[in-house]
Amino acid sequence: MCGIAGILDPKGCREGRPLVDLVSHMTASLSHRGPDSEGIWSDDGVGLALGHRRLAIVDLSVEGHQPMVSPSGRFVISFNGEIYNFLELRHGLRTLGCSFRGHSDTEVLLAGIERLGLAAALDRAVGMFAFALWDKVEKRLHLVRDRLGKKPLHYGWLGGAFVFASELKALARHPRFGREVDRGALALFLRHQYVPAPWSIWRGIYKVPPGAILTVDLDKASRPEAGDGPEPISRYWSAKTAAEEGQASLLALPDGRLLDIVEETLARAVGQRMIADVPLGAFLSGGIDSSLIVALMQSQSDRPVKTFTIGFDNGFYDEAPAARAVAAHLGTEHHELVVDPSDALSIIPSLSEIYDEPFADPSAVPTFQVARMARRDVTVCLSGDGGDELFAGYGRYALASRLGRGVDSVPSWLRTAAARGIAGMPVGLLDAAARCLGGRSIDGLRGGHSGDRLRKMADLLTIGDRDELYRGLLSLTRTPEAWVQRGGEAQSAFTDPDLRPALSDPVRRMMYFDMIAYLPDDILVKVDRASMAVSLEARAPLLDHRVAELAWKLPLDFLRRDGAGKWPLRQLVARHIPPALVHRPKQGFAMPVGEWLRGQLRDWAENLLDAGRLAGEGFLRPEPIRAMWGEHLAGRRQFGPHLWTVAMFQAWRETWSAEASPTRLPCADKAA
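Residues numbered from 1 in each chain as written. Predicted model: local features only at pLDDT ≥ 70, side-chain atom pairs only at ≥ 80, totals over all residues. Heavy atoms only, no water.

Section: the overall build of the protein chain
Step number 1: Check the secondary structure of the protein chain and you find 31 helices and 17 strands.
Step number 2: Its C-alpha radius of gyration of 25 Å places the protein chain within 12% of the 26 Å reference for a compact globule of 672 residues.
Step number 3: For the C-alpha atoms alone, the extent of the protein chain along its principal axes is close to 75 × 60 × 45 Å.
Step number 4: Out of the 672 residues belonging to the protein chain, those deemed buried represent 61%. (Helix = DSSP H or I, 4+ residues; strand = E, 2+ residues; numbered from the N terminus. Rg over C-alpha atoms; globule rule 2.2 N^0.38 Å. Buried < 20%, exposed > 50% of the residue type's maximum accessible area, 1.4 Å probe, protein only.)

Okay, structure coming up:
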């Protein structure tokens, strides 16, 4: 795994700007992504420099050094990621007359591009990647990102120069980087707790979408008007197409045969991700997804798989006992670290540097902890990410379906009146009403007090459109513009008509939106930044695009049965592990941010949420935020997630404002 950066600046070649030195300065900030070596390639005649920082995983020799030039000299690539089927591709290319000097997957991909063309090579490649490809003949720079968005790639125009990098911190080292906050992206962050693609928190800096090719030719780079908004893209793979075509060709087979097909496809994905020339292991939570991945790994390994789990005490939800039991049954070499709240709290100051832009998923803390622990023993870890999105595992799908049926059956005027009435009720009375309804009715809604969750459920019932209802369910607030000074929301996957799928089933539509938004912009960002901060490569077999395409061909009643999702994964894990060890209610990491903000983090938060500071900085409106803070501190309302999200933006801005410029990750060297 690696970090890449580069600049295409035709004016630079005429003005004698030291592009090589500048790109080297940018890639130095990515040393955590690639601590093993550095490489720079440049063409002074066109004003192009490509940079690379390498974490050697396959072919540790100098033959895997990058940037890499194709045998003919036409193409130059700076590649971040892994091509898992490179041995198969290598064999096929050899039959076409290709020869290889090393055995890296990058060399195989480059040979495929030269022999077959970029589109055909990508169609055959299985992997996670983000890379830059320079075509010397056509004078074009291509930026490419993997199908599901596992590897990051940012870009933008800075004073006529086209720049790109794996992480924003590298772009921030360019002398023309403006550090202007994009208020539309800020509003999206306050809604979702992450910044969705194609936006970044910085105005004029964007993310290459998953499955996309972004092409910049030399002529365009020479024009002064270049760089107004996100660049046009072409898609070599589309989640929308995969979903629609899958639903149009559902597999009508017996359950047993379908289970065999899923297991065969997933086992192949696991096996290909076990290829590495460095120590390899797996994250193990003891849940369905990670347990199945580890079971399939162990079935294909002649030695115990190294597994890693962190446990918590003092009020945290602790997955360690379940993971320990699964590891004992499978016979893995299990590693476990028990941490307390002080360990978690010590990481919070580093989050803004690890994630580069505001990121408020609290599970980023334990994700970093388990990655740091695993890095002491291995360089590659497999994970169970993707099971919920692809196999309908989230409990919120059932909740949204119940709410949708309520919307369909109750007149809008009555729903609106009920929502207004509930909004005006005291929280204590709402808590009592919620207890009478039972927890299942409001399960999946954010908020500590049952009354707050009931109030949100009533508000959601006023939404007539099913997609908008699900968006509201996922939103921290439905009106983030009320928190932002002089800013409205930018367009997102939910509001972009080009991304709307032709899927009739509401649950399928929810799965689709999670696949194109929550998965790449929250879950995969969380895992990539946390793991790469300690130079650990994370691989996700469930997110093999062949598994994803198969999942869309499976009938919904095969995915969800007996009121629960992931039925095929549950059945498959039972083939390897006694069901009692893994069939537990889904918990996840429960970070008590509400309690922290009232306790150990109160002074920290008070400083960040100071009314005068908010007003003076000019981004957030102090009135609604201070009102939430007062209610939360008094215990009358539970605004922990809301205040945590605001505090994460404030802490990020404190770190990355024009006056501050972090140059390294202070926590990255703690992996050893």
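Focus: unusual backbone geometry
Of all residues except glycine, most have a negative phi; of all peptide bonds, most are trans.
Step number 1: Here the amide bond leading from Gln66 into Pro67 is cis, since omega sits at -5 degrees, within 30 degrees of zero.
Step number 2: Note on placement: Pro67 falls in the loop between β3 (48–54) and β4 (68–69).
Step number 3: A cis amide bond, omega 10 degrees, links Ala197 with the succeeding residue Pro198.
Step number 4: Tracing the backbone through its elements, the reader meets Pro198 in the loop between α7 (183–192) and β10 (205–207).

Structural notes on the sheet that holds strand β14 (residues 306–312)
Step number 1: The five strands are arranged β15-β14-β13-β16-β17 in an open sheet whose pairing can be described as parallel. Each edge of the open sheet is held by one strand with a lone partner, namely β15 (333–339) and β17 (537–539). Across the sheet, the mean angle from the axis of one strand to that of its neighbour is 30 degrees, orientation sign disregarded.
Step number 2: When strand β16 (residues 380–382) meets β17, the two strands line up parallel, connected through three bridges. Each bridged residue has a counterpart across the sheet, and for Leu382 the counterpart in β17 is Arg539.
Step number 3: Its contacts with the sheet place helix α11 (residues 288–299) against β13 (280–283), β14 and β16, and it is angled at close to 155 degrees to β13.
Step number 4: Helix α15 (residues 364–374) rests against β13, β14, β15 and β16 of the sheet, and its axis sits at about 140 degrees to β14. (Pairing = 2+ DSSP bridges. Axes fitted to C-alpha atoms, helices over the stretch in contact; angles between N-to-C directions. Contact = heavy atoms within 4.5 Å.)

A few points about the pairing of β3
Along any regular strand the residues' side chains alternate between the sheet's two faces.
Step number 1: With seven of seven residues buried, β3 is to be regarded as a mostly interior element.
Step number 2: Burial along β3 is two-sided: Leu48, Leu50, His52 and Arg54 facing one way and Ala49, Gly51 and Arg53 facing the other are all buried.
Step number 3: Taking the residues between adjacent antiparallel strands as the criterion, strand β2 (residues 37–43) and β3 are bridged by four residues, where Gly47 takes a positive phi near 80 degrees.

Let's talk about the packing of aromatic side chains
Step number 1: By the definition in use, this model includes 20 aromatic pairs.
Step number 2: When the centroid spacing of 4.9 Å and the interplanar angle of 50 degrees are considered together, the rings of Trp202 and Trp652 count as tilted. In this pair, Trp202 is assigned in the loop between α7 and β10 and Trp652 in helix α31 (residues 640–656), connecting sequence segments 450 residues apart.
Step number 3: When its relative accessible area of 4% is taken as the criterion, Trp202 is described as buried.
Step number 4: Using a relative accessible area of 1% as the deciding quantity, one classes Trp652 as buried.
Step number 5: By the ring-pair criterion, three or more aromatic residues cluster together here, those being Tyr394, Tyr397, Tyr470, Phe494, Tyr512, Phe513 and Tyr518.
Step number 6: Stacked on the ring of Tyr394, the Lys or Arg Arg396 has its end atom at 3.9 Å from the ring centre.
Step number 7: The ring of Tyr518 carries the charged tip of Arg396 above its face, separated from the ring centre by 5.0 Å. (Phe/Tyr/Trp six-rings, centres within 6.5 Å; stacked < 30°, edge-to-face > 60°. Lys NZ or Arg CZ within 6 Å of the ring centre and 35° of its normal.)

Thoughts on helix α25 (residues 567–574)
Step number 1: Of all the positions in α25, only Trp567, Pro568, Leu569, Leu572 and Val573 are classed as buried.
Step number 2: On its buried face, α25 sits against α10 (255–272), α11, α16 (387–390), α24 (556–559) and α26 (579–582).

Describing the packing of helix α21 (residues 466–474) against helix α22 (residues 506–532)
When two helices pack together, their arrangement is captured by the angle between the axes and the distance separating the axes.
Step number 1: Viewed as axis vectors pointing N to C, α21 and α22 meet at an angle of 50 degrees, and their least axial separation amounts to 10 Å. Compared by their axis directions, α21 and α22 come out oblique. The chirality of how α21 crosses α22 is right-handed. Contacts between α21 and α22 involve Arg466, Asp467, Tyr470 and Leu474 on the former and, on the latter, Pro506, Arg509, Met510, Phe513 and Asp514.
Step number 2: Grouping the constituent residues of the contact of α21 with α22 by class yields five nonpolar, no polar and four charged. (Parallel < 35°, antiparallel > 145°, perpendicular 65-115°, else oblique. Left-handed = near helix turned anticlockwise from the far one by under 90°. Nonpolar A, V, L, I, M, F, W, Y, C, P; charged D, E, K, R; others polar.)

Regarding the pairing of β2
Step number 1: Here β2 runs beside β3; their pairing, made up of seven bridges, is antiparallel. Within the sheet, the bridge partner assigned to Ser37 lies in β3 and is Arg54.

A closer look at α21
Step number 1: Counting buried positions along α21 gives seven out of nine residues, so the element sits mostly inside the fold.
Step number 2: Residues Asp467, Leu469, Tyr470, Arg471, Gly472, Leu473 and Leu474 constitute the buried set of α21.
Step number 3: Looking at where α21 begins, the residue whose side-chain oxygen comes 3.1 Å from the main-chain nitrogen of Asp467 is Asp465. (Polar contact = N/O pair within 3.5 Å; in protein donor to acceptor, adjacent residues only side chain to side chain.)

Quick word on the sheet that holds strand β8 (residues 154–158)
Step number 1: Strand order across the open sheet formed by six strands is β2-β3-β1-β9-β8-β10, with antiparallel pairing between neighbours. Two strands in the sheet have a free side with no partner beyond their single neighbour: β2 and β10. Across this sheet, the average inter-strand angle for adjacent strands is 15 degrees, counted without regard to direction.
Step number 2: Note that strand β1 (residues 2–8) and strand β9 (residues 161–165) share four bridges and pair antiparallel. Paired with Gly6 across the two strands is Phe164, which belongs to β9.

Digging into the packing of α10 against α25
Step number 1: Where α10 meets α25, the axes come as close as 10 Å, and the angle between the chain directions of the two elements is 80 degrees. Between α10 and α25, the angle is such that the two are roughly perpendicular. From α10, Asp255, Leu259, Val262 and Glu263 reach across to α25, where they touch Trp567, Pro568, Gln571 and Leu572.
Step number 2: For the contact of α10 with α25, the residue count by class is five nonpolar, one polar and two charged.

Let's talk about the side chain of Gln650
Step number 1: Among the structural elements, Gln650 can be located in helix α31.
Step number 2: On the basis of relative accessible area, Gln650 is assigned to the buried category, the value being 1%.
Step number 3: A polar atom in the side chain of Gln650 sits 3.0 Å from the backbone oxygen of Leu608.
Step number 4: Non-local contacts of Gln650, meaning those with residues more than four positions away in its chain, are made with Leu608, Arg613, Leu614, Glu617 and Leu620.

Focus on the environment of Ala221
Step number 1: The topology assignment puts Ala221 in helix α8 (residues 218–221).
Step number 2: The sequence separation of Ala221 and Leu8 amounts to 213 residues, and the corresponding C-alpha distance is 7.3 Å.
Step number 3: The residues contacting Ala221, other than those within four sequence positions of it, are Leu8, Pro10, Trp157, Gly160 and Val216.

Quick look at the pattern of salt bridges
Where charged atoms of side chains with opposite charge meet at close range, the side chains can pair.
Step number 1: One pass over the structure, following the stated rule, counts 42 salt bridges.
Step number 2: The salt bridge involving Glu138 is made with Arg140; its shortest N-O contact spans 3.6 Å.
Step number 3: Relative accessible area serves as the criterion here: at 42%, Glu138 is assigned to the partly exposed category.
Step number 4: A relative accessible area of 35% places Arg140 in the partly exposed class.
Step number 5: Ionic pairing is found between Glu336 and Arg324, a salt bridge with its closest N-O pair at 2.8 Å. Of this pair, Glu336 sits in strand β15 while Arg324 sits in helix α12 (residues 320–330), and the two are twelve residues apart along the sequence.
Step number 6: Here Arg324 falls in the partly exposed class, since its relative accessible area comes to 40%.
Step number 7: One network of salt bridges, in which partners are shared, links Arg33, Lys151, Glu167, Lys169, Asp356, Asp528 and Arg529. (Salt bridge = Lys/Arg side-chain N within 4 Å of Asp/Glu carboxyl O.)

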